[in-house]
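Observations on the three-dimensional arrangement
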Number of protein chains: 2
Amino acid sequence: MARRRWPDVRFLVFGDEARIKPLVKRRQRLQKAITIHHTTSAVAPDEKPSVALRSGRNSSMRLAIDAVRDEEADGIVSAGNTGALMAMSKFSLKTLAGIDRPAMASFFPTLRGESVMLDLGANVECTAENLVQFALMGEVFARTVLGALEPTVGLLNVGSEELKGNDSVRTAAGMLRDLEHPFKYHGFVEGDDIAAGTVDVVVADGFSGNIALKTAEGTAKLYTEFLREAFRNSVMARIGYLFARRALKKLRARVDPRRYNGAVFLGLRGISVKAHGGSDALAFATAIGVAVDMAKNGFIEQIKTEVETLHEAGRTGQRATAL
Amino acid sequence: MARRRWPDVRFLVFGDEARIKPLVKRRQRLQKAITIHHTTSAVAPDEKPSVALRSGRNSSMRLAIDAVRDEEADGIVSAGNTGALMAMSKFSLKTLAGIDRPAMASFFPTLRGESVMLDLGANVECTAENLVQFALMGEVFARTVLGALEPTVGLLNVGSEELKGNDSVRTAAGMLRDLEHPFKYHGFVEGDDIAAGTVDVVVADGFSGNIALKTAEGTAKLYTEFLREAFRNSVMARIGYLFARRALKKLRARVDPRRYNGAVFLGLRGISVKAHGGSDALAFATAIGVAVDMAKNGFIEQIKTEVETLHEAGRTGQRATAL
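What comes next concerns the included structure. (Residues numbered from 1 in each chain as written. Chains lettered and ligands numbered in written order. Predicted model: local features only at pLDDT ≥ 70, side-chain atom pairs only at ≥ 80, totals over all residues.)

Looking now at the packing of helix H11 (residues 235-255) of chain A against helix H10 (residues 206-232) of chain B. Running from amino to carboxyl end, H11(A) crosses H10(B) at an angle of 145°, the nearest separation of the two axes being 9 Å. In this structure, the crossing between H11(A) and H10(B) has a hand that is right-handed. Between H11(A), through Ala244(A), Ala247(A), Leu248(A), Lys250(A), Leu251(A), Arg254(A) and Val255(A), and H10(B), the contact on the second element is made entirely by Tyr223(B), Phe226(B), Leu227(B), Ala230(B) and Phe231(B). Counted by class, the contact of H11(A) with H10(B) contains 10 nonpolar, no polar and 2 charged residues. (Axes fitted to C-alpha atoms, helices over the stretch in contact; angles between N-to-C directions. Helix = DSSP H or I, 4+ residues; strand = E, 2+ residues; numbered from the N terminus. Left-handed = near helix turned anticlockwise from the far one by under 90°. Contact = placed C-beta atoms within 7 Å. Nonpolar A, V, L, I, M, F, W, Y, C, P; charged D, E, K, R; others polar.)

In any sheet, the strands associate via hydrogen bonds between backbone groups, in a parallel or an antiparallel arrangement. All names here are of chain B. Read from one edge of the open sheet, 8 strands run S3-S10-S9-S4-S5-S8-S6-S7, paired in mixed fashion. With partners counted over all chains shown, the strands left at the sheet margins are strand S3 (75-78) and strand S7 (184-189), one partner each. Taking each pair of neighbouring strands and ignoring which way they run, the sheet shows an average axis angle of 25°. The pairing of strand S9 (residues 263-266) with strand S10 (residues 271-274) spans 2 bridges and is classified as antiparallel. When the bridges of S10 are listed, Ala263 appears paired with Lys274. (Pairing = 2+ DSSP bridges.)

In terms of nonpolar packing, the biggest core is built from 204 residues, with Ala105(A), Val203(A), Ala105(B) and Val203(B) touching the most fellow members. Every residue in contact with Val203(B), bar those within four places of it in the chain, is listed here: Leu118(B), Leu131(B), Phe134(B), Ala135(B), Gly138(B), Val153(B), Gly154(B), Leu155(B) and Leu156(B). (Core = buried A, V, L, I, M, F, W, Y, C linked by C-beta atoms within 7 Å. Buried ≥ 20, exposed ≤ 12 C-beta atoms within 10 Å, placed from the backbone.)

Residues and elements named next belong to chain A. Covered by surrounding structure in strand S10 (residues 271-274) are Ile271 and Val273 together with Ser272 and Lys274, the residues of both alternating faces. When strand S3 (residues 75-78) meets S10, the two strands line up parallel, connected through 4 bridges. The residue bridging Gly75 from the neighbouring strand is Ile271, located in S10. Linking two consecutive strands that pair antiparallel, namely strand S9 (residues 263-266) and S10, is a turn of 4 residues; a positive phi of about 110° is found at Gly267 within it.

Quick look at the interface of chain A and chain B now. Facing the 54 residues of chain A at the interface are 54 residues of chain B. Elements represented by at least two residues in the side of chain A that touches chain B include exactly helix H9 (191-196), helix H10 (206-232) and H11 of chain A. Class assignment of the residues belonging to the side of chain A that touches chain B gives a composition of 29 nonpolar, 14 polar and 11 charged.

This part is about the relation of the copies chain A and chain B. Rotating chain A by 180° and moving it 0.0 Å along the rotation axis overlays it on chain B with an RMSD of 0.0 Å. Taken together, the rotation and translation relating the two chain copies correspond to the operation of a two-fold axis. Within chain A, Gly240(A) has its C-alpha nearest the rotation axis, a separation of 1.9 Å. When the interface residues of chain A are mapped onto chain B, 100% of them again lie at the interface, so the same face is used by both copies. (Least-squares fit on C-alpha atoms with pLDDT ≥ 70 in both.)

On to helix H12 (residues 281-296) of chain B. All names here are of chain B. If you check H12, its first and last C-alpha atoms are 22 Å apart, about what 16 residues at 1.5 Å a residue would give, namely 22 Å. Along H12, the residues classified as buried are Ala283, Phe284, Ala285, Thr286, Ala287, Ile288, Gly289, Val290, Ala291, Val292 and Met294. On the buried face of H12, the contacting elements are helix H1 (2-5), S3, helix H7 (128-146), S9, S10 and helix H13 (299-312). Once H12 finishes, Gly298 follows within two positions and takes phi at roughly 60°, a positive value. (Expected span 1.5 Å × (residues − 1).)

Now for the sheet that holds S9(A). All names here are of chain A. Strand order in the open sheet made by the 8 strands is S3-S10-S9-S4-S5-S8-S6-S7, with mixed pairing throughout. Both outer strands of the open sheet, S3 and strand S7 (184-189), are each paired with one neighbouring strand and no more. On average, adjacent strands in this sheet sit at an angle of 25° to one another, irrespective of strand direction. Sitting on the sheet, helix H5 (residues 60-69) is in contact with S3 and S10, with an inclination near 160° to S3.

Below, the structure written as structure tokens:
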């Protein structure tokens with residue numbers, strides 16, 4: 001699917017050759033686009049990131065990340081252990097100057113198109129400086145990958161008034177208002193602003209960002225189930241379904257989480273994309289697409305320039321390191 | 001609407017008699033069920049809670065709360081300033097022994113029926129002790145008002161593994177596992193468990209609880225709008241809509257936020273219910289229904305007995321006050 005969509009993309013596949021080869025065998029065109037790098041070592045889904053980092057040096061995940069570091073690949077996509085992917089990507093690809101902690105970002109559908117949210121769970125506790133850096137990174141992502149011309153950025157909070165929220169969001173809000181930065185800071189946004197598309201970039205700490213993302217997924221699932229039950233409810237409804245089937249199919253595609261798959265680790269010096277653990281082919285192809293879009297749009301060069309320039313000017317909010 | 005649903009309920013209405021009287025005038029039956037307490041003072045929507053507390057002693061909100069304190073009313077329902085309602089309710093009705101901070105709770109629809117979530121924003125930062133107390137209160141609420149026989153309680157977190165999350169949720173999880181308490185502690189739940197109905201009571205700090213609630217509302221709105229667009233999309237879909245209209249109307253009612261209106265301040269020695277600021281008649285009647293259900297089911301007596309008994313046994317997790 002990814003090859004058909006982006007015929008010029010080549011794939012390095014890391015894993016057990018004996019298991020991968022038969023899967024590729026019957027697809028001639030795909031065979032030409034794929035190079036298999038054999039390894040039988042793999043990071044287990046429940047492995048601690050620190051353990052994976054120490055003992056997973058020959059794992060498929062680590063070798064794939066190292067291929068990005070060594071510029072053999074433009075990006076890595078994995079549906080494996082999130083914590084391990086994060087830890088290994090950070091270790092191997094390194095963090096951008098001016099960024100204290102990378103963040104996980106993803107697209108989602110809104111009433112006004114698509115928006116980006118970060119952090120989605122990489123950093124459970126965040127300082128104001130972290131949030132400011134997320135805002136910077138999210139804005140570059142929305143501009144280069146989403147194609148937003150002048151992305152607006154909002155801070156996720158429990159109210160829009162200045163006094164609302166905890167210390168981090170209030171301090172971050174002050175910094176975003178006062179710092180010189182190249183984007184439009186909208187102010188605080190609330191949970192319902194996410195799907196409304198009030199801003200192009202929603203900035204949150206990893207705890208509430210993760211909860212918001214999963215709550216939205218759960219609510220969409222609930223609604224889909226209620227809709228299914230409504231159409232099963234009566235003969236009339238079943239007839240109605242037959243007429244509306246195509247429109248409803250389009251609706252399903254529009255909210256299909258597989259079409260929004262692929263969370264990106266922003267703040268690294270290379271492209272690293274996490275596909276959902278339960279990804280099927282369509283979902284994984286979408287995640288590949290995120291990496292392809294980032295590579296084709298020169299995301300890493302862009303973010304390096306912007307974040308590191310601001311950092312040198314002392315405006316990324318990074319705390320000075322005491323000597 | 002509320003009178004028709006609960007013909008034995010009487011209403012004390014606090015506010016400007018000159019404005020209320022004409023509204024009641026043409027409804028003979030309602031007139032008999034209503035007593036108007038005249039006052040022209042009112043808390044403004046943007047008034048600071050501390051200001052309302054100091055200078056709003058003759059406001060309609062305060063007089064209505066005081067009527068609960070003086071046992072003239074069994075509960076108060078207001079669609080006014082949330083912070084002021086919370087502050088005044090706490091001041092006038094007092095907090096239960098064993099509870100450090102009251103919390104806001106509300107019902108919501110799930111795949112398995114209805115569940116309760118708290119805190120929804122009263123406490124932006126919460127200690128482990130606060131979360132344990134929310135669990136206790138939420139359980140009594142689910143049992144007495146929702147009618148759940150053996151409610152299960154979960155802690156909202158970013159993963160289900162023991163090591164996930166921040167200090168408060170991890171410590172609270174340990175306390176809920178080890179403390180003797182009269183309910184089933186399920187463990188951590190994630191954002192998508194809320195709509196799945198994995199547990200009867202979802203316990204969260206006020207920051208992420210508020211964000212989860214509003215994200216769910218926003219996602220439901222988005223889905224409703226996408227559904228509307230799908231049916232407008234083609235002639236076939238429009239025909240389908242005609243057949244399925246009744247079923248879709250039922251679906252809309254099922255996810256109608258007005259049917260889940262009414263957030264309760266739990267942890268007080270009296271019933272105080274907050275209706276949404278944008279409540280229409282149906283929404284406000286639902287909020288009245290929450291207060292009626294709580295009163296009829298003896299919620300305050302129940303929670304007093306349970307929380308205060310546990311408190312005396314030293315098991316509510318309330319921090320000992322240093323002398």
